[in-house]
Amino acid sequence: MSSDEEDALCALNLLNILNANHKRVRNYWVHPFWRENCRGRGAFSVFQDLEDGDRFQSFYRMEKKTFDMLTELVGSKIQKKDTNYRRSVCPRERLLITLRYFSGEVSMRSISYYFLRGETTVRNIIETTSKALWEVLQPLYMPIPNQIMWKTIADRYNELWNLPNCVGSIDGKHIRIKAPVNSGSSFFNYKGYFSIVLMATADADGKFITIDVGEYGRNSDSKVLKESAFGQLLFKKKLNLPENACLPHEENDPTFPYYFVADEAFPLLDNVMRPYPRRSLTNTKRIFNYRLSRGRKSVECAFGMMASKFRILERPINFKTEKIEIVIKAICVLHNLIRVHDGTYSIPQGIQQDNVDLLYEDTEGNIENNRTRPSYSAMEIRERLCQYFVKPYAALPWQNKLSDE
């Protein structure tokens, strides 16, 4: 290489370094278009037009009274101070922007023009408000369960779904994301798109008990459970579950452990009941699988209700992975808040037959390829519960119809 070529190459490298260190100078602190119009027009200025309950709930996914309560809870956490350069965005508008984004019906840019705020401002508002929602609402609407709470959940499960000693259902949901830079296939799941996994447990009424979000989409539900904080406590038996208790009508028999229900993608443990394999089903085992499927519906219905209300979950979320995690946490705890204040809880009206479509689910591709044999104690616990379901005092009137299938 000649000296002239070396000089040219050095000059080019120096130019690249200068360009990399050069920071774009702001033309405006607040663009004149936003500054002049945000006070007189835009979505927040017509907020009073949505005072009607039905219109407000359709637009922001919760009732007006619930939104007012939410503003009181979170308002002080997201309140900002006015400066010499600009006036701050008030807490009510910050919540409205965030809820409108969660609805998934409009893009970030559309929200920017709708509320007459800069797109970067809207993005920052959503990030900070999501973090505040989780920090404030989690202790109130998704607290760490103690033994009294576990027993309350178990009583409700038996009341609604005829599952004694059940303290929740476990499942995972893939959250669509834009492919992170240089991530390879780590986030590419078996369904054919990029995602992170939301691992959750739900109670009988479809409220989340625990959530863990952020695992690679390529991982199976079983592996995600093992890596999650909840799963590690579960495997170490440190979840503070109640002491073993007798099953209904079997007060003179040995006690039975409290347990979660899950599908075939999860391991069989002393505290996790999964269905029997389909290849070797007897009538009794088929009935057991059906009874477990009734309990599993709660977490699947929770995912369904959350996705239908917050439709941002139906398309790829355009945030960095670490920001997506806090957005998902905020959506989950908002789901619990809405279930408590706006939701209609199931009230048992005798024993009614339900749909049996969930008896067998398509878990192909989500089952970890291993041959780890469950412990003998876990198999004995499942077998005892299987025999319990066919006893006269525990059987459902219609469950024997499955024997003919």
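Residues numbered from 1 in each chain as written. Predicted model: local features only at pLDDT ≥ 70, side-chain atom pairs only at ≥ 80, totals over all residues. Heavy atoms only, no water.

1. Focus on the overall build of the protein chain
Part 1: Secondary structure assignment for the protein chain yields 13 helices and five strands.
Part 2: Burial statistics for the protein chain: of 405 residues in total, 48% are counted as buried.
Part 3: Partitioning the intrachain contacts of the protein chain with sequence separation of at least 6 by distance along the chain shows that 71% fall at a separation of at least 24.
Part 4: Of the roughly 21,300 Å² that the protein chain leaves accessible, carbon and sulfur atoms contribute 49%. (Helix = DSSP H or I, 4+ residues; strand = E, 2+ residues; numbered from the N terminus. Buried < 20%, exposed > 50% of the residue type's maximum accessible area, 1.4 Å probe, protein only. Contact = heavy atoms within 4.5 Å. Areas by Shrake-Rupley, 256 points an atom, 1.4 Å probe, with all protein chains shown as cover.)

2. What to know about the packing of helix 7 (residues 119-141) against helix 12 (residues 321-341)
Part 1: Orientation of helix 7 relative to helix 12, taken along the N-to-C sense of each, is 45 degrees, at an axis distance of 8 Å. By the angle between their directions, the pair helix 7 and helix 12 is classed as oblique. Note that helix 7 runs across helix 12; the crossing there is left-handed. In contact with Glu-127, Ser-130, Lys-131, Leu-133, Trp-134, Leu-137, Gln-138 and Tyr-141 of helix 7, helix 12 contributes Lys-323, Ile-326, Val-327, Lys-329, Ala-330, Val-333, Leu-334, Asn-336, Leu-337, Val-340 and His-341.
Part 2: Residues of the contact of helix 7 with helix 12, tallied by class, amount to eleven nonpolar, four polar and four charged. (Axes fitted to C-alpha atoms, helices over the stretch in contact; angles between N-to-C directions. Parallel < 35°, antiparallel > 145°, perpendicular 65-115°, else oblique. Left-handed = near helix turned anticlockwise from the far one by under 90°. Nonpolar A, V, L, I, M, F, W, Y, C, P; charged D, E, K, R; others polar.)

3. What about unusual backbone geometry?
Part 1: Of note, Asn-165 is a non-glycine position whose phi angle comes to about 65 degrees, a positive value.
Part 2: Structurally, Asn-165 can be placed in the loop between helix 8 (147-161) and strand 1 (166-176).
Part 3: Of the residues examined, Asn-165 reaches a relative accessible area of 7% and is grouped as buried.
Part 4: With phi around 60 degrees, Asn-240 is a residue other than glycine that occupies positive phi space.
Part 5: As for its position among the elements, Asn-240 is in the loop between helix 10 (229-235) and strand 4 (259-261).

4. Notes on helix 4 (residues 64-78)
Part 1: The largest bend along helix 4 measures about 40 degrees and falls at Glu-72.
Part 2: Those residues of helix 4 lying buried are Lys-64, Thr-66, Phe-67, Leu-70, Thr-71, Val-74, Gly-75 and Ile-78. (Bend = angle between axes of the 7 residues up to and from the residue.)

5. Quick look at the sheet that holds strand 3 (residues 208-216)
Part 1: With respect to topology, five strands assemble into an open sheet ordered 3-2-1-4-5, the strand pairing being mixed. Both edges of this open sheet fall to strand 3 and strand 5 (272-273), since each of them pairs with a single strand only.
Part 2: Relative to strand 4, strand 1 runs parallel, the two sharing two bridges. Looking at strand 4, one finds that Cys-166 is bridged to Tyr-259.
Part 3: Of the strands in this sheet, strand 1, strand 2 (195-202) and strand 3 are in contact with helix 12, which crosses strand 3 at around 165 degrees. (Pairing = 2+ DSSP bridges.)

6. Side note on the packing of helix 4 against helix 12
Part 1: Here helix 4 crosses helix 12 at 130 degrees, and the two axes come no closer than 11 Å. The orientation of helix 4 relative to helix 12 falls into the category oblique. Once helix 4 is placed against helix 12, the crossing between them reads as right-handed. When helix 4 is examined against helix 12, the residues Lys-65, Thr-66, Met-69 and Leu-70 are found in contact with a partner set consisting of Leu-334, Leu-337 and His-341.

7. Looking at helix 11 (residues 283-309)
Part 1: Its 27 residues place the ends of helix 11 39 Å apart at the C-alpha level, agreeing with the 39 Å of an ideal helix rising 1.5 Å per residue.
Part 2: At Arg-296, helix 11 shows its maximal bend, which comes to roughly 30 degrees. (Expected span 1.5 Å × (residues − 1).)

8. Considering the pattern of salt bridges
Part 1: On inspection of all chains with the given rule, the structure shows 15 salt bridges.
Part 2: Taking the shortest distance from any N to any O, the salt bridge between Arg-92 and Asp-68 comes out at 3.6 Å. You can see Arg-92 sitting in helix 5 (residues 91-103) and its partner Asp-68 sitting in helix 4, a full 24 residues away along the chain.
Part 3: What makes Arg-92 partly exposed here is its relative accessible area of 27%. (Salt bridge = Lys/Arg side-chain N within 4 Å of Asp/Glu carboxyl O.)

9. Section: the packing of aromatic side chains
Part 1: Under the defined criterion, the tally for this structure stands at 14 aromatic pairs.
Part 2: Ring centres of Tyr-101 and Phe-102 lie 6.3 Å apart, and the angle between their planes is 55 degrees; on these two criteria the pair is classed as tilted. For the pair shown, Tyr-101 and Phe-102 are each scored as buried.
Part 3: Ring centres 5.4 Å apart and planes at 90 degrees place the aromatic pair Phe-230 and Phe-260 in the edge-to-face group. Of this pair, Phe-230 sits in helix 10 while Phe-260 sits in strand 4, and the two are 30 residues apart along the sequence.
Part 4: Since its relative accessible area comes to 9%, Phe-230 is described here as buried.
Part 5: Ring pairs connect the aromatic residues Tyr-276, Phe-288, Tyr-388, Phe-389 and Tyr-393, which therefore count as one cluster.
Part 6: Sitting above the plane of the Phe-319 ring, Arg-123 keeps its charged end 4.9 Å from the centroid.
Part 7: One cation-aromatic arrangement involves Arg-176 over Tyr-193; the distance from NZ or CZ to the ring centre is 3.8 Å. (Phe/Tyr/Trp six-rings, centres within 6.5 Å; stacked < 30°, edge-to-face > 60°. Lys NZ or Arg CZ within 6 Å of the ring centre and 35° of its normal.)

10. What about empty space enclosed by the protein?
Part 1: For the coordinates displayed, the defined rule picks out two cavities of 30 Å³ or more.
Part 2: Lining of the second largest cavity is provided by Met-199, Ala-200, Thr-201, Thr-210, Ile-211, Asp-212, Ser-228 and Phe-230.
Part 3: Of all the secondary-structure elements, those providing two or more residues to the lining of the second largest cavity are strand 2 and strand 3.
Part 4: Here the residues of the lining of the second largest cavity sort into four nonpolar, three polar and one charged. (1 Å grid on protein atoms, 1.4 Å probe; cavity = no way out; pocket = protein on both sides within 12 Å on 5 of 7 lines; lining within 4 Å. Points joined across faces, edges and corners; volume = space filled by probe spheres on them.)

So far we have only geometry, and geometry alone does not tell us how the molecule works.
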